[in-house]
Amino acid sequence: LSSSSLSPSLPLRGPLSRFISTLVLAEHEGGLVKQSSLSAVAAAASINEEKSVTVLLGGSGPSLHKAASHAASCHPLILQVLVAEADILVHPLAETWAELVHLVHKQSGFSHIISSSNSFGKNVLPRAAALLDVSPVTDVIGISEPRLFTRPIYAGNALCTVRYTGADPCIITIRSTSFTLSSSSSEAKSNAAPISQVDLSTFDEGSLPKSRWLNITSQESERPDLANARIVVTGGRALKSAENFKLLEKLAEKLGAAVGATRAAVDAGFVPNDLQVGQTGKIVAPDLYMAFGVSGAIQHLAGMRDSKVIVAVNKDADAPIFQVADYGLVADLFEVIPELLEKLPDK
Ligand code: FAD
């Protein structure tokens, strides 16, 4: 697919429309729409049963066009994919992307704008909401009507029902663990949505850069991504050192799991902070969550209590983690982990 083969932008309804038309702000990597953005598509599709979802992708080069094709066939309710092709959009600079969302909304007029509640969506959408003079509803975990949402408050200890009564667009960020869309349905694949270019002629790059992209430093890892892993093994302060965390890494390798950590373990410097699970870290909901030497503070539970099966190993029988655990073992992790390593088969 080349940019010249893209069809012109489809006519959409104006900003005063009472109909549902949802824009999903999506991220892509390696020619695929990211899993967290597929969750945002699932959330958008749950608002209305009509074909009313537009996916917005930005960047440049072949991987953008591959991701656009992926987006076009990832859900049968996708009406169209909009591609904003510009070098300035290759990196997730919040001011630039917020301007883009503002521009695309001015061109087409959406009732809803949705993104995942990850570092990208949390950075861009509140800025876009400010430019559009509306209040965003953040961290949504349930959509019961087009403008009626459920979101956690008090670190997940209570659920709040929010009715959005403001003007269009209704801007929301969603928790990707609450909405799943894993693979494209055959209906969507055989009936791919059209891909159109965003008209960037009025996109004023000159006045934008309040921030500049310098570089990205990331660690290559063969292990699954923490936010989307099926199994997570987490260590707490009780691991005592970075060296001892290697025990947990070995266990993760055997189980094909991602490694997580509590804030206490991160603050102590045992592991980098992108492994932190919790209120101020990542929100995870794997099939299996194994917590070793984790006390179960509410801020930690806020990030993992939706896991399907929770296993906790702690020396203290009164540790709060046992209140949410499906399986609890009162034992020393330094005995349990080596035993697990010995008994589990290699992957
Ligand atoms: P501890 O509370 O010290 O617990 C260690 C546990 O290990 C104990 O239960 C102990 O019995 C057990 N233990 C000790 N030795 C062994 C052994 N040999 N074998 C087995 N068990 C053993 N925390 C997060 O995790 N994520 C967050 O996102 C987060 N956000 C926060 C935000 C705010 C605003 C605040 C105030 C706090 C936040 N915290 C967060 C910190 C949180 O309150 C706790 O301090 C932290 O989760 C505790 O980490 P821990 O369980 O590793 O340590």
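Residues numbered from 1 in each chain as written. Predicted model: local features only at pLDDT ≥ 70, side-chain atom pairs only at ≥ 80, totals over all residues. Heavy atoms only, no water.

1. Structural notes on the sheet that holds strand E11 (residues 170-174)
One open sheet holds the seven strands; their spatial order is E7-E11-E6-E1-E4-E5-E12, and the pairing between them is parallel. With partners counted over all chains shown, the strands left at the sheet margins are strand E7 (137-140) and strand E12 (195-197), one partner each. Strand after strand, the sheet turns through a mean of 25° between neighbouring axes, direction not considered. Contacts from helix H1 (residues 35-47) reach strand E1 (22-25), strand E4 (53-59), strand E5 (78-85), strand E6 (112-116) and E11 within the one sheet, and its direction differs from that of E6 by about 150°. (Pairing = 2+ DSSP bridges. Helix = DSSP H or I, 4+ residues; strand = E, 2+ residues; numbered from the N terminus. Axes fitted to C-alpha atoms, helices over the stretch in contact; angles between N-to-C directions. Contact = heavy atoms within 4.5 Å.)

2. Quick notes on the packing of helix H6 (residues 242-255) against helix H10 (residues 333-343)
Following both chains from N to C, one finds H6 and H10 inclined at 35°, their axes separated by 10 Å at the closest point. Along this stretch, H6 crosses H10, giving a crossing that reads as left-handed. On H10, the residues touching Asn244, Leu247, Leu248, Lys250, Leu251 and Lys254 of H6 are Phe334, Ile337, Leu340 and Leu341. Within the contact of H6 with H10, the residues separate by chemical class into seven nonpolar, one polar and two charged. (Left-handed = near helix turned anticlockwise from the far one by under 90°. Nonpolar A, V, L, I, M, F, W, Y, C, P; charged D, E, K, R; others polar.)

3. Re the confidence of the model for the chain
Of all residues in the chain, 91% attain a pLDDT of 70 or more, and the chain-wide mean is 90. Low confidence marks residues 1-17, where pLDDT is under 50. Its contacts with residues over four positions away, or in another chain, come to 37 contacts. Scored as a whole, the predicted complex attains pTM 0.82, and scored at its interfaces, ipTM 0.99. (pLDDT = per-residue confidence, 0-100.)

4. Concerning the sheet that holds strand E8 (residues 142-145)
In spatial order, the strands read E8-E9-E10; together these three strands make up an open sheet with antiparallel pairing. Both edges of this open sheet fall to E8 and strand E10 (158-163), since each of them pairs with a single strand only. Across the sheet, the mean angle separating the axes of adjacent strands is 30° when strand polarity is ignored. Judged from the six bridges that link them, strand E9 (residues 148-153) and E10 form a sheet pairing that is antiparallel. If you follow Thr150 over to E10, its bridge partner there is Thr161.

5. Focus: the pairing of E8
Note that E8 and E9 share three bridges and pair antiparallel. What sits directly across from Glu145, in E9, is Leu148.

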